[in-house]
Amino acid sequence: MSTSRRKFLRSSVIGSAAAVGGSNIFASSANTSTAIKNNPVVVSTWDFGKTANVGAWEVLGKGGRALDAVEAGVRIPEADPTNQTIGYGGLPDRDGRVTLDACIMDEKYNCGSVMCLEHIIHPISVARLVMEKTPHIILTGDGALQFALANGFRKQNLLTPESEKAWKEWMKSANYKPEMNIENRLYNKDNDPMPGGPNNHDTIGMMAMDAAGNMSGACTTSGLAYKMHGRVGDSPVIGAGLYVDNEIGAATSSGVGEEVIRIVGSHLVVELMRHGATPEMACKEAVNRIVKRSPEKSKTIQVGFVALNKQGQYGGYSLQPGFSYSVKSNTVEQVFKAKSYYQ
Ligand code: ASP
């Protein structure tokens, strides 16, 4: 490609993206692919990401690989029965079945995904095996289960008594349409999330950069509570719920997956960072696109994005207030409240 053609393409991409945002979101452009070496960092969705980050840090802190870190990290909420949006204890679909979605992506665009997987407590580890042991990227439903069992995973009942009770309660007034939460937490007077809020859906999306400067990501969820059987959200869709480009950065999402899939949200965020947007600006622009497509609907649902760039900068943005993300590095261990489109 000629230099002038390349320049033209670059400026038209920047021009159109900036125009959609209504302002120059690339004002603080700092687009270099230089990684910060020896400064590992892990970033994940929500306040419960803090506990998951501890698991990731056990790998990262010892100089381990980002891919191992994100797998280890998200296995923590997957195994936690009190987290009703991920793995064991996840709220079921409207037929009472716990169906899990997960994907993983490394620093070389290798990726693996499982969709609508039942009975396996760690879908993320099955997704990793799909990536490493098969010529494919995605396995679904029974095929994913067969693959997991053939690779030594144990079949378990993932429906806890608490989640079964919640489902039976929901069934009393069940609508065909899944219900979706806006507020994912109860908040105290300082607007800090407190445990115990209504919580029909959430996801752990996690991104890490290791000491060598390589990035990986993982994303795992039980999806929208009381969804139709067979429904798959954004979380296991590479580019929607998660994307990693080791030259630029990574992004992940939580919230109503249908809206994220429509804009291929996480890939969009990474591409915006490629053209100079900071992580927060890129997440904001992705949220703006959801609002632009469907202004009315966007008032009634939650979607949040979080991103980490190759320079170790991170940021997030959501539709509604209440979205948070957790960060751990050598110098930071904190849950950040993301800014939101609606206040
Ligand atoms: N993104 C998930 C899904 O649509 C749910 C969530 O993160 O809240 O399945």
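These lines cover the structure that appears in this document, whether it is placed above or below. It should be emphasised that the depicted structure is a prediction, and the values quoted were computed from it without experimental measurement. (Residues numbered from 1 in each chain as written. Predicted model: local features only at pLDDT ≥ 70, side-chain atom pairs only at ≥ 80, totals over all residues. Heavy atoms only, no water.)

### Re the overall build of the chain
- Within the chain, the regular secondary structure consists of ten helices and 15 strands.
- The burial tally for the chain puts 57% of its 343 residues in the buried class.
- For the chain, the share of sequence-separated contacts (at least 6 apart) that also reach a separation of at least 24 residues comes to 64%.
- Total accessible area on the chain is roughly 14100 Å²; 53% of this is exposed by carbon and sulfur atoms. (Helix = DSSP H or I, 4+ residues; strand = E, 2+ residues; numbered from the N terminus. Buried < 20%, exposed > 50% of the residue type's maximum accessible area, 1.4 Å probe, protein only. Contact = heavy atoms within 4.5 Å. Areas by Shrake-Rupley, 256 points an atom, 1.4 Å probe, with all protein chains shown as cover.)

### Some thoughts on the site of the ligand
- If you check the shell around the ligand, you find His201, Asp202, Thr203, Gly223, Leu224, Arg231, Gly233, Asp234, Ser235, Ser254, Gly255 and Gly257 and nothing else.
- Between the ligand and Asp234, the relevant distance is 2.6 Å, taken from a nitrogen atom to a side-chain nitrogen or oxygen of the residue.
- Gly257 is positioned with one of its backbone polar atoms (N or O) 2.9 Å from an oxygen atom of the ligand.
- When the ligand is considered free in solution it has 270 Å² of accessible area, and contact with the protein chains removes 100% of it.
- With respect to the pocket detection grid, the ligand is positioned in the largest cavity.
- A breakdown of the residues in the shell around the ligand according to their chemical character gives one nonpolar, eight polar and three charged. (Near = heavy atom within 4 Å. Polar contact = N/O pair within 3.5 Å; in protein donor to acceptor, adjacent residues only side chain to side chain. 1 Å grid on protein atoms, 1.4 Å probe; cavity = no way out; pocket = protein on both sides within 12 Å on 5 of 7 lines; lining within 4 Å. Sits in = over half its atoms within 2 Å of the grid points. Nonpolar A, V, L, I, M, F, W, Y, C, P; charged D, E, K, R; others polar.)

### Thoughts on the pattern of salt bridges
- Counted according to the given criterion, the structure contains 18 salt bridges.
- The partner of Glu285 in a salt bridge is Arg289, and the shortest N-O contact between them spans 3.3 Å. Of this pair, Glu285 and Arg289 both sit in helix α9 (residues 279–293), four residues apart, which is roughly one turn of the helix.
- For Glu285, a relative accessible area of 0% translates into the label buried.
- With relative accessibility at 25%, the residue Arg289 sits in the partly exposed group.
- One connected set of salt bridges, linked through shared partners, spans Asp68, Glu71, Arg128 and Glu132. (Salt bridge = Lys/Arg side-chain N within 4 Å of Asp/Glu carboxyl O.)

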